Amino acid sequence: MRLTALLAMAARVKVPPDYRYGTSRPWTVGAQRMNPPGKKRRKVFVEPIQPEEWSLFKGDTVEVLAGKDSGKQGKISQVIRARNWVILEGLNTHYRYIGKSGEYRGTYIASESPLLVREVALIDPSDRKPTQVEWRFTEEGERVRVSLRSGRILPKPVVQRRDGIVPEQWKDGPKDTSPDDALEKTYSASLKTFEEEIAEATGVVETRAGRRTFWY
Amino acid sequence: MAATTAGRVLSLCRQFQKGLSISTVLPLQPTKVLTSCKAQLSAFRPKFCLLHINNMGTSLAQQCRALHTSQWRRGLEAFFDETPNWGEPTVKSGAPWTAKQLRTKSSEDLHKLWYVLLKEKNMLLTVEQEAKRQRVQMPSPERLTKIERSMKRLDTIVQERENALRLLQTGQERGRPGTWRKDFFGRTFWYRFKEYPIPWYLNRRYKRKRFFTLKYVDSFIRRRIESHLHSTILKKKADLENKRKLQEKFSKLSATT
């Protein structure tokens, strides 16, 4: 077990404490080129926002309050918590060439720049204007975002899963366990160890007494 | 019992029946016997591939007809995926087992599930290796991570139950005996005991290990302690400086807005 744990740890990307997060995620090739292992960059101060306070999710519609596209509304396509960044679809763009090779200058595309969370504001669905949002509890006990101006609840946006699976339309494959079988309770608490229970179930009777061993 | 789990658990049971004898209440069903042959197994067809990339001009059936079935071929079917999945760019797979679901299962179920997961993992590793050999993408590599996570969680659950039983019956926090010892450099560490067939006074390699510190190491220990204290102080100072800078930058921001 210990060896597998070690190997699993090696697979995950190890990031130093003073790592500078960019728009590429740390495990991508671009990020590894930007931040090779020995590189130290000037520290970037990120406003400490508590995880409970964070109110922007992927798929939310927000309005830009500052910058080139201020006043425009857009959907969040990516959230980078480490820098308090939010990347909107098609807003706050600069243009660059991509896929340059040899003499070919590449394709001219618009690439979005990240915006800080303080530079965007969530939109109240009732009047479609930017508003401040607070986390409150409903009568059922559910934690929801509430617009401070109108008191309307902002539902969390439904985002499609990365693997494209829609849980409601899922059909079990031949190797999948049905939900009933997966949730079926077969455990009964007993004072036997795992090995003893298996030996009992499989009918293995150990009559040999091991030789004397020493632990030190 | 659903046919899905029955099929899976039964194929497992059949393996078990070879080694141990377990009485299974579930009715036996014939598995899907793979009629296409595995040319990897024969020395004559080294160019066979799972992913249908190399055709070699001859059809699979023609290649297979040349070989005869033999005893040693059976049992290796488990290393390969189901025939409809061969050559597919993606294979659908469900969610991994969660720890909450696994906690409701009995020891026998967990034991059987472990081997089902292990066989699936071996199958996926074979596919991965074949993909590397053919220099193509493995279809749906997330299946491997799902299996690994399920197995890790299963192991965690078994450890939890063992820990609980041991604490209840003996009060011991650790399953493996150990003790705090000082090494030759004066560092205190948790030494975990090992199992030996001979006592320590007859074990020459063990006697060469030194779990004591000599007097001349004292000055180095003192320097190590000093450096540790210095680094804690530096860390505290760095934290305070960080807090101060954050206050300065972000309280100014909130003051202006």
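Residues numbered from 1 in each chain as written. Chains lettered and ligands numbered in written order. Predicted model: local features only at pLDDT ≥ 70, side-chain atom pairs only at ≥ 80, totals over all residues. Heavy atoms only, no water.

**Remarks on the nonpolar core**
Note on soluble globular proteins: their nonpolar side chains tend to be buried together.
Working step 1: Residues L102(B), L110(B), L113(B), L117(B), L124(B), M138(B) and L154(B) are the most contacted members of the largest nonpolar core, which totals 19 residues.
Working step 2: Looking at this core, the elements with two or more residues in it are α4 (194-202) of chain A together with α4 (107-134) and α5 (142-169) of chain B.
Working step 3: With seven residues, α4(B) is the largest single contributor of residues to this core.
Working step 4: For L102(B), the residues in contact, after removing those within four places along its chain, are W97(B), L110(B), L113(B), S150(B), R153(B), L154(B), I157(B) and R161(B). (Core = buried A, V, L, I, M, F, W, Y, C linked by side-chain atoms within 4.5 Å. Buried < 20%, exposed > 50% of the residue type's maximum accessible area, 1.4 Å probe, protein only. Helix = DSSP H or I, 4+ residues; strand = E, 2+ residues; numbered from the N terminus. Contact = heavy atoms within 4.5 Å.)

**Some points on the sheet that holds strand β9 (residues 133-137) of chain A**
Residue and element names in this part refer to chain A.
Working step 1: What the three strands build is an open sheet, ordered β9-β10-β11; its pairing is antiparallel. Only two strands of the sheet have a single neighbouring strand rather than two, namely β9 and β11 (153-154).
Working step 2: Taken together, the two bridges between strand β10 (residues 143-147) and β11 define a ladder with antiparallel strand orientation. Bridge pairing links V146 to I153 in β11. (Pairing = 2+ DSSP bridges.)

**Quick look at the UniProt feature "domain: KOW" (unreviewed entry) in chain A**
Working step 1: Per the UniProt record, the feature "domain: KOW" (unreviewed entry) sits at residues 55-82 of chain A.
Working step 2: Here residues 55-82 of chain A is 0% helix and 43% strand, with 15 Å between the C-alpha atoms at its ends. (UniProt positions renumbered as here; feature names shortened; annotations may be inferred.)

**What to know about the interface of chain B and chain A**
Working step 1: Contacts between the two partners involve 53 residues from chain B and, on the opposite side, 41 residues from chain A.
Working step 2: There are two salt bridges connecting chain B and chain A.
Working step 3: Between K175(A) and D81(B) there is a salt bridge, with its nearest N and O atoms 3.4 Å apart.
Working step 4: In this assembly, chain B and chain A are joined by 18 residue pairs in polar contact (both at pLDDT 80 or more).
Working step 5: For the side of chain B that touches chain A, the secondary structure elements donating two or more residues are α1 (3-19), α3 (99-103), α4, α5, β2 (188-192), β3 (195-196) and α7 (218-256) of chain B.
Working step 6: Residue composition of the side of chain B that touches chain A, grouped by class: 22 nonpolar, 13 polar and 18 charged.
Working step 7: Two elements, strand β12 (residues 214-215) of chain A and β3(B), share two bridges in a ladder whose sense is antiparallel. Bridged to F214(A) within β3(B) is Y196(B). (Salt bridge = Lys/Arg side-chain N within 4 Å of Asp/Glu carboxyl O. Polar contact = N/O pair within 3.5 Å; in protein donor to acceptor, adjacent residues only side chain to side chain. Nonpolar A, V, L, I, M, F, W, Y, C, P; charged D, E, K, R; others polar.)

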